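Coordinates in review
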Amino acid sequence: MSIFEDLLGCYLYETAEQIKLEDWIVEILAAPKRAVEVSIPLRLDSGKMKVFKAYRVLHSDARGPGKGGVRYQKELTVVDAKALAFLMSIKCACANIPFGGAKGGIAVDAKALSLNELERLTRAYVRETHLFTGENIDVQAPDLYTNERIIGWMADEYYKIKGKVLPAFITGKPVSMLGSLGRVEATGRGGAYIVSEIAKLKNLKPAKITVAIQGFGNVGYYTAKFLFEEGYKIVAVSDSKGGVYSGEGLNPEKLMEEKIKGGILGECIPTGSVLACKELERITNEELLESEIDILIPAAAEGQITEKNAGKIRADIVVELANASMTREADKILEKNKILVVPDIIANAGGVIVSYFEWIQNRTGDYWKKEKVFNELSNIILSEFRTINKMSEEKEISLRSAASIVALERLAEAVREKSRN
Ligand code: NAD
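Reference entry: report on the structure contained in this document. (Residues numbered from 1 in each chain as written. Predicted model: local features only at pLDDT ≥ 70, side-chain atom pairs only at ≥ 80, totals over all residues. Heavy atoms only, no water.)

**Re the side chain of Ser 196**
- Along the chain, Ser 196 turns up in helix α6 (residues 186–201).
- Beyond its immediate stretch of four places on either side in the chain, Ser 196 contacts Glu 230 and Tyr 232. (Helix = DSSP H or I, 4+ residues; strand = E, 2+ residues; numbered from the N terminus. Contact = heavy atoms within 4.5 Å.)

**Structural notes on the sheet that holds strand β11 (residues 281–283)**
- Taken together, seven strands build an open sheet; the order of strands is β11-β8-β7-β6-β12-β13-β14 and the sheet is mixed. Sheet topology places β11 and β14 (340–342) at the edges, where each strand pairs with a single neighbour. Between one strand and the next, the sheet's axes are offset by a mean angle of 20 degrees, whatever the strand orientation.
- Pairing of strand β13 (residues 317–319) with β14 involves three bridges; the strand directions are parallel. Of the residues in β14, the one forming a bridge with Val 318 is Val 341.
- The sheet contacts of α6 involve β12 (295–298), β13 and β14, and relative to β14 the element is tilted by about 150 degrees. (Pairing = 2+ DSSP bridges. Axes fitted to C-alpha atoms, helices over the stretch in contact; angles between N-to-C directions.)

**Comments concerning the pairing of strand β5 (residues 138–142)**
- The buried count for β5 comes to four of five residues, which makes it a mostly enclosed element.
- Looking at chain direction, strand β3 (residues 66–72) and β5 are connected through five bridges and run parallel. Within β5, the residue paired with Gly 69 across the bridge is Ala 141. (Buried < 20%, exposed > 50% of the residue type's maximum accessible area, 1.4 Å probe, protein only.)

**A short note on the sheet that holds strand β2 (residues 49–60)**
- Read from one edge to the other, the open sheet built from five strands follows the order β1-β2-β4-β3-β5, with strand pairing classed as mixed. In the strand order of this sheet, the two ends are held by β1 (34–43) and β5, each with one partner. Strand-to-strand twist of the sheet, defined as the mean angle between neighbouring strand axes without regard to direction, takes the value 20 degrees.
- Its contacts with the sheet place helix α4 (residues 115–129) against β1, β2, β3, β4 (101–106) and β5, and it is angled at close to 140 degrees to β1.

See the structure below:
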C-alpha cells in the first residue's frame with residue numbers, strides 16, 4: 001500500500017466513518033484540488049544536461065490558501081506529494097490555523113549537486129511553478145533537504161518574476177529577507193513543548209527521561225537541543241548514514257559541530273554525519289528505533305516504522321516529528337502494545353504554526369520578537385494538544401484518532417460552508 005492510500009485510510013476514511021461524514025465531502029477530500037507536474041532541464045557544471053521531475057500539489061484551499069513544504073527527495077513522486085499535501089490540510093486544520101494543505105518538491109538528491117547547480121535548479125523550479133503558488137494561493141516552506149538558503153533563492157526568483165517584493169509568497173525565509181525569528185527552530189521547539197507537556201501530565205522528571213531521535217537534520221537537531229537544555233537525557237541520535245549512542249547522554253550542539261566538520265554543501269546542507277564523533281558507540285537506525293528508552297522521536301523520512309519493526313519498539317512514548325513516520329499497521333501495533341503515540345499532525349505542527357506567524361508578519365509589516373513567536377507557538381500548540389488529549393481520554397481513543405476527528409470536522413465544515421445554498 002502506498003503512503004497515499006495509508007494516509008487517506010487513516011485520516012480520511014476511518015475518521016469519516018466515525019463522524020458520519022457526507023460521502024460527497026469524502027470524495028472531495030480524497031483527491032487534490034490540483035496537482036502540477038513539471039520537467040526541469042538543468043545544465044550541470046560539467047556541461048551535460050539532466051532533467052528533473054518536480055511537483056506542486058494543492059490538496060485543499062477550503063480553510064485558506066494552501067500551505068506546505070517543498071522537499072528535495074530523490075524518490076519523490078506525484079503520488080507522495082499528493083499524500084503529503086492531504087496531510088498538510090489535516091495538519092493545518094488540527095492546529096486550527098487559516099490554511100489548506102499543499103506539498104511539492106523536486107525528485108533530486110540535493111547532496112549530489114554542486115551549490116551552483118542547486119541554486120539554478122531551485123530558481124528554475126520557481127519559474128516553472130510560480131503560476132500555481134503565492135501568498136493567497138499556496139504558500140511554500142522548507143522541508144526535507146531544503147532550508148533557509150534555498151527558500152531565500154526561491155523568494156528572490158519570485159520577486160524577479162513579479163517585479164516586486166512579495167514576502168508572503170513563501171515562509172522559512174532567512175530573517176534578513178523578512179523571515180520570522182524562531183522559524184528555523186520552530187518544529188523542534190513545538191515538539192519539545194509537547195514532550196514537556198506529556199512529562200508534566202505523567203509527573204515525570206526530565207533528568208530521568210531517556211530520549212532517542214532518528215534523523216539529525218533541522219527537526220531532529222533542534223528538538224534534541226531544546227530537550228537537552230531542559231535536562232532530558234538524549235541517549236541516541238542518527239542520520240541517514242547511521243547513529244551514535246551514549247548511556248551518559250549526548251550533547252546535541254557538540255554532535256552538530258562534528259557533523260558539520262564532516263562536510264557541508266555551501267553552508268547549506270550537511271553532507272557529514274553524526275558518525276564523525278568517533279569516540280561514541282555506533283548503532284544502526286534499526287537499533288535506535290528498537291532501543292530501551294522512554295521517548296522515541298522519529299524525525300527523518302516517512303514510513304520508518306512498519307509492521308516489521310513496530311513490535312520491537314520498547315519506548316513508552318513515540319512523538320512523531322517526521323511526517324507519516326509510521327504505517328497504519330505499525331500504528332495499530334503500537335496502540336495494541338500500549339505505547340502512547342503523539343501523531344505528526346499535532347507533534348510537528350510547530351513549523352507550520354510559525355510559518356503562519358511569518359505570513360502574518362509579512363502581510364502586516366509588524367515584525368515580532370522571538371519571545372512573542374515562541375509564546376504564541378506554545379499557546380497554540382499546547383491548547384490544540386490539550387483539546388485532543390481531553391477527547392482521547394474521554395472517548396478512550398488514541399491521540400491520532402482524536403486529532404483526526406478534530407481536524408476532519410474543521411475541514412469538512414469549511415467544505416460544507418462553501419457549498420451551502
Ligand atoms: P532535514 O533534511 O533537515 O533532515 C533530515 C534528517 O534525516 C537528516 O539528518 C538525514 O540524514 C536524516 N535521514 C534521512 N533518512 C534517514 C533514515 N532512513 N534514517 C535516519 N535518518 C535519516 O529535514 P527536516 O526538515 O528535519 O525534516 C525531517 C522530517 O520532519 C520530515 O519528515 C519532514 O517532512 C518533517 N517536518 C519538517 C518540518 C520543518 O519545519 N523542517 C516541519 C514539519 C515536519
